[in-house]
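Analysis of the macromolecular model
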Amino acid sequence: MRHLRRTLHPAAWWLWALGLATAASRTTNPVLLALLAAAACFVVVRRRGDAPWALAFRLYVVLAGIVVASRVLFRVVFGGGGGEVVLVTLPELPLPAVAAGIRLFGPVTAEELLSGLYDGLRLATMLLCLGAANALANPKRLLKAVPAALYEAGTAVVVALSVAPQLAESVLRVRRARRLRGGDGRGIRALRAILLPVLADALDRSLALAAAMDSRGYARTGTASQTRPPAGRPAPTDTRTGTAGTGPHPDGHRDPTPTSVPTDNRPSTTDSTTPSPTLTPGTDPRRDPTAGGVRQDHAADGGQHHHPAEDVLRGRQVGELRHGHPADDARHGHPTDNLRHGHPTDDLRHGHPADDLRHGHPARHGRPADDARHGRPAGGVLVVGGLLGVCVGAYGLLDATTPRVIGLPVLAAGLAVAAAGLAAGARAVVRTRYRADRWAAPEVAVAACGIGAGALLFVTASVDPAALYPSLSPLGWPTLTALPAAAAVLATLPAWLAPPAPVAAR
Amino acid sequence: MIRFERVGVTYAGEDRPVLRDVSLVVPEGELCLLAGATGSGKSTLLRAVNGLVPHFTGGTLSGRVTVAGRDTRTHPPRELADVVGVVGQDPLHGFVTDTVEEELAYAMEQLAVPPATMRKRVEETLDLLGIADLRDRPLRTLSGGQQQRVAIGSVLTAHPRVLVLDEPTSALDPTAAEEVIAAVTRLVHDLGVTVLMAEHRLERVVPYADRMLLLPGDGTLVDGPPAAVLARAPVAPPVVELGRLAGWDPLPLSVRDARRLAGPLRDRLAERPVPTPSATVPGDVLLDARGVVVRYGKLVAVAGVDLTLRAGEVVALMGRNGSGKSSLLWALQGAGPRASGSVRAGGAGPAGSVRATDANPASSVRAGGADPVGSVRATGADPASSVRAGGADPVGSVRATDANPASSVRAGGADPVGSVRATGADPASSVRATGADPAVVGAARARKLVGLVPQTPGDLLYLETVAAECRAADRESGRPPGTCAALLAELADLDPRTHPRDLSEGQRLALVLAVQLTAAPPVLLLDEPTRGLDYGAKRRFAAIVRGLAAEGRAVVVATHDVELVAALADRVVVMAQGEVVADGPTAAVVVASPAFAPQVAKILAPEPWLTVDAVAAALR
């Protein structure tokens, strides 16, 4: 099957990998586990790209090997020697009477070794599947594919991931600079000498980043771009107290974290016809970055919501909005998404006739801003509740001893509730996605292969459990029957079904 | 396009307004240059255009700021994102994503631009700014100029009507700065974007500006065409100052205009001698480095550099970003990695060896053997060492213990420090034999041999007040209390209770300089000290460095600032790809170079005039 080189939607790879990991968790048959692990490795080798995160797969292989070896070693040392076939007898180390129940070394039986091997192999295979997902799907791309309702959380994670290396760099730089001051490198003083500049640096950087994101439109709630001043505009010489802060200059001074100061406390300002946000006057956050940061969020929101002139402005403009469909690209397959006055957009098949170069009317999809305000908490509650249900259901599914009612039904119910919450939250959000990963036939195929492998093993567990759990007493050779073999083959199919990864142009 | 109506800004907790009654109108499609001393309110003005003042930074804004018809009182910055694009001073701090392409698309995503349009605009912007081959690169691997252009591109994709730039070229070498300015002027000319740019190094931008705004520092604003504003401005680029000096009318703003008027001036100067920047003859070798190699993993940053530093000279280290200047300085100090090569630092330190040329030839003391003179060794382990600047240095400590009466004859007054002159012809052999390697002697001794002020001076400061930093510096250097504070008082006027993070760029530099000078090192290295300093602060800084050199130190300044080099340096070392490409007197190295020549040299070429002060002195 000749495909154009492109990257698959990250969710497809993760679904495949999770299906495989579920399948591996259901068996201790070493032959089957080895087949599944081999399938994962094969797919990775055939379908990964050149990016640096893809090359980390060998670390997972090493880790898997360590897991197996440590399990076996654990059994050898603490085994207890149950079973009949004794392979070798190691001298037993006596322990004091308090640890009478534990035996160190002693006779090493085949049953113990094999049991350790099977357990270790199961864990290692699950690890390898997750490593395969990491190597095949860029983790950051996965964050981009997060549903719109969780966008802010996703952005926070993305920013944290990019800040962490900057922090490390900062620490190295400051440590090097400590040497310039004579580097008396011990004790609290040295720690403080490194921590304070690094933290101050990180704080400055995060404020600069926040200003940059704000300037580029992060967290817009969708006012239209054209402006017509509403009637009853206040006179131009008014004073508007913004989110007043202690921050001195941006010109090289520190700490522009805002607090709020009610206007009546400031004798030098003129009267404002518009009330300032009524927030509690804060303490001086000059040396208290966290307080200032939190207050800033509230202040920013407060400044927007409580200002009647703004509300008038927004209300009028909002009335002109077209109540289109949400712009959330996560729900693919809706050709009417991203409508803009009736022109289908999405990809390059259709040109965009109304594209205007200079007059900057960005599309405004989604509900008016006041819905945005009300929709968010409800959506959040639904999402959290749904995710809890998914957790419980997944646990029930994977653990064979829980009653059946906790497995699949709860999982399905949780998924439904979470989806409803995401949909509710998505309507409040107004943004589009650049070159979003599409969900096409190869993605469905790959995901189906993984889920199918897991499902086949579930079926085998109810039909023929002995094939999945080779017996240790009496010791028996593990066998491979038809259904598990089919599952392993299914797991390998994405190596051909998925399109090859693009080569990086050098 | 941009309209300020009687705007005043006061930050909370301050009694003085930063901006007072500022009114200005910037018409559409103009390149507007904003100048003013540090702390005069440039950043505040720029941020007020976007609404960051007061929505993000806090404070009180009176009056009205209108951009493209939108009032910033009712529009927070995110609502103005489609008309105003802001690029901050350090573009790396404003990047949200990982790669160039995603960064360009980020603003459009927030504005909910349809995906097809996004794709088209990203491609257009990549071409417009010449960064098309960088599209998949991670942002942290880009050079400074490339990052600046990506930052401009990232706000440009939203097709704003106004572009606000806060010191875009301060961190860039001259060539990269020209690229960025060329991109910006292209935007103004081809796309009709209104650009408002704040810049300290006016000489780079003035030729292209349509309008100039000057903030004198008392909160008001002077507004007008560049020639009119600069004619009366207290600080101006060299071409304007030369024009004022020579009485040219109309005042030229670019080198080309000035050359057309410069004929008579060249004739007048033809028979005058060109003065050299420094009056002292360089003395003994204080630092000798041979074959320094610095490697970071596989990347070779410095590939075998030889460098000799003499007392009393100021050396400028120039080269594009990434040529290895910082790595070399750190390796010379000993705090940075050095893969191979040798560095020997030593020497008599300040107030000593400048007059070595007229010392009694019998005063040489052989190194090795019974070395009696502790003055060669720079640090305090030997109680006879006399490297401390100033102070009540016991004169007797310098005397060679072999009681050779001729060994301590010094011309020139109560000079307690003897400099050692080797009998060999190689002037560096004395420091090679008796100097110490800063990398092996430990940090405390190394900072008494070689002092380094890094690129981000704030990394060294961690205490609560300026006074506490000074006390810590005294303790770390083993000097009597009050030394650092005295040095600081000479360098800048600071309230000792100020928190170091509240200082301006120039003040922080002065504080760190004082901290490093407390250890009285004979060699002083400065890494990009003038980034963010305005003309007045740069002039004061140059005077300070001249003073340090006159005391007998060797000073190395790594910088991109061509005008500073012309005014300050005796010798210029140019590095590229980790190697020294040129090393010679300033006039010889910079005059004919297109990238490193100062404006005066370009105007009066081929005569080697470097600064307006030199021309003024010659005309007198």
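In what follows, the accompanying structure is described. (Residues numbered from 1 in each chain as written. Chains lettered and ligands numbered in written order. Predicted model: local features only at pLDDT ≥ 70, side-chain atom pairs only at ≥ 80, totals over all residues. Heavy atoms only, no water.)

With that settled, the discussion passes to the overall build of chain A. Looking only at helices and strands, one finds 14 helices and three strands in chain A. Burial analysis of chain A (506 residues in total) assigns 42% to the buried set. Just so you have it, chain A exposes about 25,300 Å², and 67% of that area is on carbon and sulfur atoms. (Helix = DSSP H or I, 4+ residues; strand = E, 2+ residues; numbered from the N terminus. Buried < 20%, exposed > 50% of the residue type's maximum accessible area, 1.4 Å probe, protein only. Areas by Shrake-Rupley, 256 points an atom, 1.4 Å probe, with all protein chains shown as cover.)

A word on the sheet that holds strand S15 (residues 450-453) of chain B. All names here are of chain B. Here we have six strands laid out as an open sheet, ordered S15-S16-S17-S13-S18-S19, and mixed in their pairing. Sheet topology places S15 and strand S19 (579-585) at the edges, where each strand pairs with a single neighbour. Each strand of the sheet is rotated relative to its neighbour by a mean of 15 degrees, with strand direction disregarded. Of the strands in this sheet, strand S13 (314-318), S15, strand S16 (523-527), strand S17 (554-558) and strand S18 (571-576) touch helix H12 (residues 325-333), which is tilted by about 150 degrees from S16. (Pairing = 2+ DSSP bridges. Axes fitted to C-alpha atoms, helices over the stretch in contact; angles between N-to-C directions. Contact = heavy atoms within 4.5 Å.)

Moving on, we get to the nonpolar core. The tendency in soluble globular proteins is for nonpolar side chains to be buried side by side. Residues and elements named next belong to chain B. Formed by 74 residues in total, the largest nonpolar core has its most connected members in Ile 152, Val 195, Ile 603 and Leu 604. In terms of residues, this core owes the most to one element, helix H6 (residues 174-191), which gives eight residues. With sequence-adjacent residues up to four places away left out, Leu 604 is seen in contact with Ala 262, Leu 265, Arg 266, Leu 269, Trp 609 and Val 615. Of all hydrophobic cores here, the second largest spans 69 residues; its members include Leu 309, Leu 329, Leu 503 and Leu 509. (Core = buried A, V, L, I, M, F, W, Y, C linked by side-chain atoms within 4.5 Å.)

Residue and element names in this part refer to chain B. Spatial strand order, S6-S7-S8-S3-S9-S10: six strands in an open sheet with mixed pairing. Here the strands that pair on one side only, and so sit at the sheet edges, are strand S6 (84-87) and strand S10 (222-224). Within this sheet the neighbouring strands show an average axis-to-axis angle of 15 degrees, counted without direction. Pairing of S6 with strand S7 (residues 162-166), which is carried by four bridges, proceeds in the parallel orientation. Note that in S7 the partner of Val 87 across the bridge is Leu 165.

All names here are of chain B. Most of strand S4 (residues 60-67) is tucked away, with seven of its eight residues classed as buried. Sheet topology note: the strand S1 (residues 2-10)/S4 ladder contains seven bridges and is antiparallel. Bridge pairing links Phe 4 to Val 65 in S4. With two bridges connecting them, S4 and strand S5 (residues 70-71) associate as antiparallel partners. Across the sheet, Thr 66 pairs through a bridge with Asp 71, a residue of S5. Between the antiparallel neighbours S4 and S5 lie two residues, among them Ala 68 with a positive phi of about 50 degrees.

Moving on, we come to unusual backbone geometry. Note on backbone geometry: most residues besides glycine have negative phi, and most peptide bonds are trans. All names here are of chain B. Cis geometry marks the peptide bond from Val 53 to Pro 54, where omega comes out at 5 degrees. With respect to the helices, strands and loops of the structure, Pro 54 is situated in helix H2 (residues 52-55). For the peptide bond that leads from Ala 605 to Pro 606, omega is 0 degrees, which places it in the cis range. Tracing the backbone through its elements, the reader meets Pro 606 in the loop between helix H21 (599-603) and helix H22 (612-619). A positive phi is found at Arg 6, a non-glycine position, where the angle reads about 50 degrees. Looking at the secondary structure, you find Arg 6 in strand S1. Take Arg 6: its relative accessible area is 55%, and that puts it in the exposed class. Phi angles above zero are rare outside glycine, and Ala 112 is one such case at about 60 degrees.

Once that is clear, we can look at the packing of aromatic side chains. Residue and element names in this part refer to chain A. Inspection of the entire model under this criterion finds four aromatic pairs over all chains. A ring pair is formed by Trp 13 and Trp 16, whose centres lie 5.6 Å apart and whose planes are at 75 degrees; its orientation type is edge-to-face. With a gap of three residues between them, Trp 13 and Trp 16 both fall in helix H1 (residues 10-25), about one helical turn apart. Given the relative accessible area of 0%, Trp 16 is considered buried. Considering the side-chain rings of Tyr 151 and Tyr 218, the 6.3 Å spacing of their centres and the 40 degrees angle between planes classify their relative orientation as tilted. Of this pair, Tyr 151 sits in helix H6 (residues 151-180) while Tyr 218 sits in the loop between helix H7 (187-215) and strand S3 (239-241), and the two are 67 residues apart along the sequence. (Phe/Tyr/Trp six-rings, centres within 6.5 Å; stacked < 30°, edge-to-face > 60°.)

What follows deals with the pairing of strand S11 (residues 285-296) of chain B. All names here are of chain B. Across nine bridges, the pairing between S11 and strand S12 (residues 299-310) is antiparallel. Bridged to Tyr 296 within S12 is Leu 299. Linking S11 back to S12 in an antiparallel pair, the connection comprises two residues, with Gly 297 at a positive phi of about 65 degrees. For S11 and strand S14 (residues 340-345), the ladder comprises five bridges, and the chain directions are antiparallel. In the sheet register, Ala 289 faces S14, and the bridge partner there is Val 343.

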